[in-house]
Amino acid sequence: MKKFDLEVAVGLFIIAGIVCLGYLSIKLGKMEVLGEKGYEVYAIFSNSGGLKVGSTIEIAGVDVGRVKNITLDNYQAKLVFMLREGLKIQEDAIASIKTKGLVGERYIVITPGGSEKVIQPGGRIRETQSPVDIEELISKFVFGKID
Amino acid sequence: MKRTRLYLCFLVLLVLGIAVPGLAGVSEEKIKQTTDRILSIVMDPALKNPSKAEERKKLIRSAVDERFDWTEMTRRALATHWAQRTPEEKKEFVRLFSDLLERTYLGKVEDYSGEKVRYEGETIDGDYSVVKVKIVTKKNKDIPVHYRLRKEGNDWLVYDISIEGVSLINNYRTQFNSIITQSSYENLVKQLRAKITQK
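Here's what I pulled together on the structure shown here. (Residues numbered from 1 in each chain as written. Chains lettered and ligands numbered in written order. Predicted model: local features only at pLDDT ≥ 70, side-chain atom pairs only at ≥ 80, totals over all residues. Heavy atoms only, no water.)

Some words on the overall build of chain B
Here's step 1: Helix and strand counts for chain B stand at 7 helices and 5 strands.
Here's step 2: In sequence order, the secondary structure elements of chain B are arranged as α-α-α-α-α-β-β-β-β-β-α-α.
Here's step 3: In chain B, buried positions account for 38% of the 199 residues.
Here's step 4: Long-range pairs, those at least 24 residues apart, make up 53% of the contacts in chain B between residues at least 6 apart in sequence.
Here's step 5: When the accessible surface of chain B is totalled, it reaches about 11,900 Å², and 58% of it is carbon and sulfur. (Helix = DSSP H or I, 4+ residues; strand = E, 2+ residues; numbered from the N terminus. Buried < 20%, exposed > 50% of the residue type's maximum accessible area, 1.4 Å probe, protein only. Contact = heavy atoms within 4.5 Å. Areas by Shrake-Rupley, 256 points an atom, 1.4 Å probe, with all protein chains shown as cover.)

Written out as structure tokens, the structure reads:
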């Protein structure tokens with residue numbers, strides 16, 4: 001009888017451990033289990049600069065969403081953004097891909113626009129700015145000044 | 001007989017159908033016209049004389065004014081702060097912003113020394129279009145320039161330019177926003193005025 005209690009306790013402990021592990025991996029992996037909140041918009045970039053699914057989207061440095069999907073569309077990068085519910089993105093907002101520091105990870109910055117028209121769920125952020133290729137710029141600088 | 005007429009009808013429709021997308025080079029054509037017009041002003045030996053500098057500037061400005069939608073550009077650059085301005089303030093800011101761009105870029109146009117402009121097509125999506133242009137310097141380096149245009153009636157007007165992939169509007173939008181949030185709109189106007197009158 002006593003031995004059985006011990007086994008139950010160990011079992012419960014291990015189950016609790018597994019649940020914790022599951023929770024941690026979902027949290028750390030930024031996965032969503034129960035339907036995602038928010039809405040989707042998409043944007044087309046001529047170059048995604050190696051951006052990854054799950055990269056953050058910021059407005060004024062505040063995290064407002066994630067990159068949900070990246071596909072190739074007519075040899076351009078089509079990015080699907082998952083944005084916070086209730087967040088209004090104007091039609092003339094500009095989405096640009098930036099780098100944290102000089103060699104850090106890529107993320108998206110949205111600069112809000114001034115239009116009265118708001119992008120509807122499933123709509124497109126028309127204005128985009130692909131990351132500046134530093135290597136290309138350096139080569140231009142080395143082999144000849146631009147202006 | 002009737003059948004032949006029907007075929008003829010189809011043929012006409014078919015030709016029209018092909019001709020319409022053929023006309024789609026329309027926004028690129030507009031950019032080309034304006035560029036050619038500005039280049040002809042810049043290259044005009046009669047206007048090279050320093051005494052004609054003012055006139056030359058005016059001619060270039062009027063050619064640019066025709067193609068650029070200053071109000072739209074200003075609205076996009078001021079972004080969230082645009083709606084809070086009164087109509088008079090908006091009007092004044094449009095003038096200041098266009099003067100600022102003129103001051104910043106006209107000098108570059110006047111330094112023109114035979115760079116080639118290569119047109120690389122356009123992408124039209126509804127009322128919006130992107131015209132891709134490459135400027136080839138004398139050292140044979142390409143500078144990609146993308147004009148973003150919006151259809152206005154029958155005309156196409158520029159509302160943003162990206163050079164080397166960097167958007168002009170985004171650049172000013174970030175700067176204006178940080179000045180306004182750090183100090184005030186009045187301060188931004190003051191700074192712009194100082195910049196424009198600065199020699």
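Let's pick the thread back up.
Description of the overall build of chain A
Here's step 1: Looking only at helices and strands, one finds 2 helices and 8 strands in chain A.
Here's step 2: Going residue by residue from the N terminus, the α and β elements of chain A occur as α-β-β-β-β-β-β-β-β-α.
Here's step 3: Counting every position in chain A, which comprises 147 residues, the buried fraction comes to 33%.
Here's step 4: Partitioning the intrachain contacts of chain A with sequence separation of at least 6 by distance along the chain shows that 62% fall at a separation of at least 24.
Here's step 5: Here chain A has roughly 9,800 Å² of accessible surface; of this, 62% comes from carbon and sulfur atoms.

A look at the layout of surface pockets
Here's step 1: Considering only enclosed or pocket space, the largest pocket measures out at about 1,600 Å³ in volume.
Here's step 2: Along the wall of the largest pocket there are 44 residues; nearest its centre are Tyr105(B), Lys108(B), Val109(B), Ile135(B) and Ile163(B).
Here's step 3: Ranked by residues supplied to the lining of the largest pocket, first place goes to helix α5 (residues 87-110) of chain B with 7 residues.
Here's step 4: Looking at the lining of the largest pocket residue by residue, the classes come out as 25 nonpolar, 8 polar and 11 charged.
Here's step 5: Considering the residues around the second largest pocket, the lining is formed by 31 residues, among which Ser46(A), Gln76(A), Lys132(B), His146(B) and Arg148(B) are closest to the centre.
Here's step 6: Those elements that provide at least two residues to the lining of the second largest pocket are β1 (39-45), β8 (127-129) and α2 (134-143) of chain A together with β1 (116-125), β2 (128-136), β3 (142-152) and β4 (155-163) of chain B. (1 Å grid on protein atoms, 1.4 Å probe; cavity = no way out; pocket = protein on both sides within 12 Å on 5 of 7 lines; lining within 4 Å. Points joined across faces, edges and corners; volume = space filled by probe spheres on them. Nonpolar A, V, L, I, M, F, W, Y, C, P; charged D, E, K, R; others polar.)

Looking at the pattern of salt bridges
Here's step 1: Under the criterion given, the structure shown has 25 salt bridges over all chains.
Here's step 2: A salt bridge links Asp125(B) to Arg126(A); its shortest N-O distance comes to 3.0 Å. You can see Asp125(B) sitting in strand β1 and its partner Arg126(A) sitting in the loop between β7 (124-125) and β8, one on each of two chains.
Here's step 3: According to the relative accessible area criterion, Arg126(A) is partly exposed, its value standing at 22%.
Here's step 4: Here the residues in one salt-bridge network are Asp92(A), Glu127(A), Glu72(B), Arg75(B), Arg76(B), Arg148(B), Arg150(B), Glu152(B) and Arg173(B), joined through shared partners. (Salt bridge = Lys/Arg side-chain N within 4 Å of Asp/Glu carboxyl O.)

Remarks on the interface of chain B and chain A
Here's step 1: Residue-level contacts link 22 residues of chain B with 26 residues of chain A.
Here's step 2: Across the chain B to chain A interface the summed buried area is about 2,000 Å²; carbon plus sulfur atoms make up 44%.
Here's step 3: Summed over the three residues of chain B that lose the most area to chain A, namely Glu164(B), Asn170(B) and Arg173(B), the buried surface amounts to 25% of that side.
Here's step 4: Elements supplying a minimum of two residues to the side of chain B that touches chain A: α4 (70-78), β3, β5 (166-167) and α6 (168-182) of chain B. (Buried area = accessible area lost by both parts, 1.4 Å probe.)

Some words on a nonpolar patch on the surface
Here's step 1: On the surface, a nonpolar cluster with roughly 560 Å² of combined accessible area is contributed by Leu6(A), Val10(A), Phe13(A), Ile14(A) and Ile18(A).
Here's step 2: Along the chain, Ile14(A) falls in helix α1 (residues 2-28). (Patch = residues over 30% accessible without salt bridge, like charges linked within 9 Å, V, L, I, M, F, W, Y side chains within 5 Å.)

Observations concerning the pairing of strand β4 (residues 76-83) of chain A
Residue and element names in this part refer to chain A.
Here's step 1: Across the 8 residues that make up β4, a large majority, 6, are buried.
Here's step 2: Strand direction decides the pairing type here: β1 and β4, joined by 7 bridges, are antiparallel. When the sheet's bridge partners are listed, Tyr39 is paired in β4 with Leu83.
Here's step 3: The pairing of strand β3 (residues 62-73) with β4 spans 8 bridges and is antiparallel. Looking at β4, one finds that Leu72 is bridged to Ala77. (Pairing = 2+ DSSP bridges.)

Describing the sheet that holds β4(A)
Here's step 1: Strand order in this open sheet of 8 strands is β7-β1-β4-β3-β2-β6-β5-β8 (chain A), and the pairing throughout is mixed. Taken across any chain shown, the strands that pair with only one partner, and hence form the sheet edges, are β7 and β8 of chain A.
Here's step 2: Seen against the sheet, α6(B) touches β5 (94-99), β6 (106-111) and β8 of chain A and runs at an angle of roughly 80 degrees to β5(A). (Axes fitted to C-alpha atoms, helices over the stretch in contact; angles between N-to-C directions.)

Quick word on the environment of Thr71(B)
Residue and element names in this part refer to chain B.
Here's step 1: Positionally, Thr71 belongs in helix α4.
Here's step 2: Each C-alpha atom, one on Thr71 and one on Phe93, is 9.0 Å from the other, the two residues being 22 residues apart in sequence.
Here's step 3: With residues up to four places along the chain from it excluded, the contact list for Thr71 reads Trp82 and Val94.

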